[in-house]
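# Breakdown of the fold
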Amino acid sequence: MGADHTPKIVGTVWGLLVLNTLGSAGAKTIIPLPRSLIQMVTMGALVAAFALALAVNLRLRIRASAFVFLLTLLLVESVISSANLESGFGALFRCFRLSLFVGTLWLLSRWWNGGLTFVRYHIRMYFAVLGSVATGLVVSPGAALPDLYGGRLVGALWPLTPPQIGQYAAVIIGLTVLLVLGHRTDRASAVAVIVPSFVLLALTHTRTATLGLFIGLALAIGSLILTSAAARRFFTWAVLCAVVAAVGFASALQAWFLRGQSQENFSNLTGRAKVWDALLAAPRSTSEKLFGVGLGDKSFGGLPIDNSWLAVYNEQGLIGVTLVAAVIIVLGGVALLRPPSLQRACAIFLISYCAIASYTEAGLGDASPYLLHLALAASLLAAPVQAAPLSTPEVPRRHIPRWAQRSEVT
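Because the structure is a prediction, the values reported are computed rather than measured.

Parameters at a glance
The residue count restarts for each chain, going from 1 along the sequence in the order it is written. Local features in a predicted model are, by the rule used here, given only for residues with pLDDT of at least 70; side-chain atom pairs are given and counted only at 80 or more, and totals for whole chains, interfaces and linings are based on all residues. Note that water and hydrogens are dropped before the side-chain values are worked out from all heavy atoms of the structure. Per the convention used, a helix needs a DSSP run of H or I reaching at least four residues, while a strand needs a run of E reaching at least two, with both numbered from the N terminus. Exposed residues in this analysis have more than 50% of their type's maximum accessible area, buried residues have under 20%, and partly exposed residues fall in between, with area computed by a 1.4 Å probe over protein chains only. Working rule for contacts: check all heavy atoms of both residues, and any pair within 4.5 Å makes them a contact. Here the open area of atoms and residues is found with the Shrake-Rupley method and a 1.4 Å probe, where only the protein chains shown may cover a residue. In this description, a nonpolar core means a group of buried Ala, Val, Leu, Ile, Met, Phe, Trp, Tyr and Cys residues linked to one another through side-chain atoms lying within 4.5 Å. Using a grid of 1 Å spacing that covers the protein atoms alone, one calls a set of points a cavity when a 1.4 Å probe fits there but cannot get out, and a pocket when the set is open and has protein on both sides within 12 Å along at least five of seven lines; lining residues are those with an atom within 4 Å of a point. Grid points are joined across faces, edges and corners, and a volume is the space filled by probe spheres set on the points. Each residue is assigned to one of three groups, with Ala, Val, Leu, Ile, Met, Phe, Trp, Tyr, Cys and Pro labelled nonpolar, Asp, Glu, Lys and Arg labelled charged, and all others, Gly among them, labelled polar.

### Things to note about the overall build of the protein
If you tally the helices and strands in the protein, you get 18 helices and 2 strands. A burial count over the protein gives 46% of its 410 residues as buried. Partitioning the contacts of the protein with sequence separation of at least 6, the portion at a separation of at least 24 is 76%. Carbon and sulfur atoms make up 68% of the accessible area of the protein, which totals about 20,200 Å².

### A closer look at the nonpolar core
Of all hydrophobic cores here, the largest spans 100 residues; its most connected members are Trp14, Phe67, Leu105, Trp112 and Leu374. No other element matches the 12 residues that helix H7 (residues 162-181) contributes to this core. Setting aside anything within four residues of it in sequence, one finds Trp112 in contact with Arg63, Ser65, Phe67, Val68, Leu105, Phe118, Ala375, Ala378, Ser379 and Ala382. Listed in part, the 7 residues of the second largest apolar core include Val275, Ile305, Leu310 and Tyr313.

### Points about the side chain of Thr6
Here Thr6 shows up in the segment before helix H1 (8-20). When neighbours within four sequence positions are excluded, Thr6 is seen to be in contact with Trp111, Thr117 and Tyr121.

### Looking at the side chain of Thr21
When you line up the elements, Thr21 lands in the loop between H1 and helix H2 (35-56). Other than its neighbours up to four places away in sequence, Thr21 contacts Arg97, Phe101, Tyr126, Tyr168, Ala367, Ser368, Pro369 and Leu372.

### Details of the layout of surface pockets
Considered as a void within the structure, the second largest pocket measures approximately 1,500 Å³ in volume. Mapped onto the lining of the second largest pocket, the elements with two or more residues apiece are H7, helix H8 (187-204), helix H9 (207-222), helix H10 (229-248) and helix H11 (250-258). Considering each element in turn, the lining of the second largest pocket owes the most residues, 11 residues, to H10. Classifying every residue of the lining of the second largest pocket gives 32 nonpolar, 3 polar and 2 charged.

Printed below as a string of structure tokens:
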């Protein structure tokens, strides 16, 4: 069951999962879109993804996957924590959404064989999303760079926030660079993806995505240095360019990084630290500490939590934090045990990026792009399916009469 034998409908399913995880909250668009309509589209995409995955895998053939198994345990824990309706009926709806998401991943696991097919699905779909962002920027620069977000790039056609756009751009830049180093795509196609994506990333002024991109690429390319001359050359040139940029453009880089913020505002992570301190200081019962208060909108006191670990602790308790940590540890451990390869490098990039982004972004405990990135990493780390050897039919032994045996002996 190689990558070439993956049905095209599987790519459609993956694209629908990407559409579902785009979310429904963000900047004001050129044409106002009711949030109910956006939620209908995103939820409809998830239902369609599950239905198509079931249609293409009617025999329910799945592959053993520690990643999806841990997500299933997280789903069970989420249902338990949401059953008391402390977060309202919306918690049960989010559990239903997570169940469809995890169920679709189980159905797709049949085609997880360590190939690069899903990497190409990932890049194409997120590049299409970035295409809509670029179109909005051209059509209405004022709406795409609003003062409300400090002039940072947002989605003017579909409500996307700067961190979302930065995340999508960083992930496809990193994956495309690795494909080039692995000679799995030509340079012209790579430049057509990397250059506009990097411009959009710069316009978002997203520090987390930028750091995740560079650190993730450094770790991924580092895993290839001993076996790839192209990786060694790229790493050398990247270090030289970084040194030149740090010396020659230090002030410009610092201004971009600070985004016009004061040192105090920067030190408390744009107000995130205050929300985190309040969340940790809030009184909790033993049940709430273990199981959380149920799936919610990743906020506390009306303010976004913007930290995956604290969001999981708030909604799914210490048990949820343990399961999410197990996901990262298992994927990271498997990646380290694999021999050097392009697939392993891509997985290391995705795992490290999600781990870095988890500090200032929420999403590891619910259906989100981050879980989709980790699902892609799991597909890359899956062992290739070995074709069953053709059995040679046993040739029946011919009976030889005794007189013929005696004549042969003589």
